[in-house]
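Residue-level listing of the chains:
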Amino acid sequence: QSNAVIDNINVIARALRNLLLNEDKKFQENELSRIAESRKKIAELMDSLGAALTEPEGAALLKQVGDARAVYVKATEDFMARVRAGQMDEAKKMLFAEVRESQANYFKFTEALIEYKSKESQAEARHMADEADWDAKLQHFSNGRCAFGGLFAIALHEVFALVCHAMLHRNATA
């Protein structure tokens, strides 16, 4: 999910750049729609991540991503307002200053969240592997106990048969 957030940040970045490269209003409206759609996807992904992160460290990282996102959205809104107003030189300056800086921060915190989720997943995988190993050992022990129990029952049966046979033989000779 965190990687999908980065993918959508990249879609937005390309669309913002494209707004400067092509001043055709129809083209720009299409790019603005792409930005809105990517923002919607990011919001959904962030909600999903919020529900999945239960540890305080994960929640704190998610908050940092959300805070960085708010700054980035504000910067891009200001940028798009300049583009809509035809202030392309001003928009270009913003793209290479406020937008770029806020995007770098957004990426930084999102990547930190990805790293946290990756470590969390690895720890969970190790835990599951350890449990599977323990289950295999218990199964092996259980199988051994069953085999031992079976051998013990056979031996007990043989001893009992020998004792009975000896008693019958002694009674018959007495």
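Bear in mind that the values here come from a model prediction, so they are computed numbers and not experimental data.

S.K.: Break down the overall build of the protein chain for me, with residues and values.
M.R.: On a plain count of helices and strands, the protein chain comes out with 4 helices and 0 strands. Scanning the protein chain from its N terminus toward the C terminus, one meets helices and strands in the order α-α-α-α. Buried residues in the protein chain amount to 28% of all 174 residues. Partitioning the contacts of the protein chain with sequence separation of at least 6, the portion at a separation of at least 24 is 74%. Here the protein chain has roughly 11,700 Å² of accessible surface; of this, 59% comes from carbon and sulfur atoms.

S.K.: Explain the nonpolar core to me, and be specific about the residues and the numbers.
M.R.: Counting 34 residues, the largest nonpolar core has Leu-16, Leu-19, Ile-35, Phe-79 and Tyr-106 as the members making the most contacts within it. Only helix H1 (2–21), helix H2 (25–52), helix H3 (56–84) and helix H4 (88–173) provide two or more residues apiece to this core. Examining the composition of this core, we find that 10 residues originate from one element, H4, more than from any other. Sequence-distant contacts of Leu-19, defined by excluding residues within four places in its chain, comprise Gln-28, Glu-31, Leu-32, Ile-35, Phe-79, Met-80, Val-83 and Met-88.

S.K.: Describe the pattern of salt bridges, with residues and values.
M.R.: Evaluation of the coordinates by the stated rule reveals 6 salt bridges. The shortest N-O distance in the salt bridge between Lys-63 and Asp-67 comes to 2.8 Å. Of this pair, Lys-63 and Asp-67 both sit in helix H3, 4 residues apart, roughly one helical turn. On the basis of relative accessible area, Lys-63 is assigned to the exposed category, the value being 53%.

S.K.: An account of empty space enclosed by the protein is requested, with residue identities and associated values reported.
M.R.: In this structure the tally under the stated criterion is 1 cavity of 30 Å³ or more. Estimated volume of the largest cavity: approximately 30 Å³. Taken together, Ile-12, Arg-39, Ile-42, Arg-69, Tyr-72, Val-73, Thr-76 and Tyr-106 make up the lining of the largest cavity. For the lining of the largest cavity, the secondary structure elements donating two or more residues are H2 and H3. In terms of residue count, H3 provides more of the lining of the largest cavity than any other element does, 4 residues in total. For the lining of the largest cavity, the class distribution of residues is 5 nonpolar, 1 polar and 2 charged.

S.K.: Let's hear about the environment of Asn-18: which residues, and what values?
M.R.: In this structure, Asn-18 sits in helix H1. For Asn-18, a relative accessible area of 13% puts it in the buried group. C-alpha of Asn-18 to C-alpha of Leu-32: the two residues are 14 residues apart in sequence and 9.9 Å apart in space. When residues no more than four places from it in sequence are discounted, the contact partners of Asn-18 are Phe-27, Glu-31 and Arg-34.

S.K.: So, the side chain of Ser-102: which residues are in play, and what are the values?
M.R.: Tracing the sequence through the fold places Ser-102 in helix H4. Side-chain polar atoms of Ser-102 contact the backbone oxygen of Glu-98, separated by 2.9 Å. At 3.1 Å, the side chain of Ser-102 and the backbone oxygen of Val-99 are in polar contact. Filtering out sequence-adjacent residues up to four positions away, Ser-102 remains in contact with Val-71, Tyr-72 and Ala-75.

S.K.: Quick one: what's the story with the environment of Gly-50, residue by residue and with numbers?
M.R.: Structurally, the position occupied by Gly-50 is in helix H2. Spatially, the C-alpha atoms of Gly-50 and Lys-63 are 9.0 Å apart, while their sequence positions differ by 13 residues.

S.K.: Tell me what's going on with the confidence of the model for the protein chain, and back it up with residues and numbers.
M.R.: Within the protein chain, residue pLDDT values average 86, and 78% of them lie at 70 or more. H3 holds the highest mean pLDDT among the elements of the protein chain, 96, whereas H4 holds the lowest, 77.

Calculation notes
Residues numbered from 1 in each chain as written. Predicted model: local features only at pLDDT ≥ 70, side-chain atom pairs only at ≥ 80, totals over all residues. Heavy atoms only, no water. Helix = DSSP H or I, 4+ residues; strand = E, 2+ residues; numbered from the N terminus. Buried < 20%, exposed > 50% of the residue type's maximum accessible area, 1.4 Å probe, protein only. Contact = heavy atoms within 4.5 Å. Areas by Shrake-Rupley, 256 points an atom, 1.4 Å probe, with all protein chains shown as cover. Core = buried A, V, L, I, M, F, W, Y, C linked by side-chain atoms within 4.5 Å. Salt bridge = Lys/Arg side-chain N within 4 Å of Asp/Glu carboxyl O. 1 Å grid on protein atoms, 1.4 Å probe; cavity = no way out; pocket = protein on both sides within 12 Å on 5 of 7 lines; lining within 4 Å. Points joined across faces, edges and corners; volume = space filled by probe spheres on them. Nonpolar A, V, L, I, M, F, W, Y, C, P; charged D, E, K, R; others polar. Polar contact = N/O pair within 3.5 Å; in protein donor to acceptor, adjacent residues only side chain to side chain. pLDDT = per-residue confidence, 0-100.

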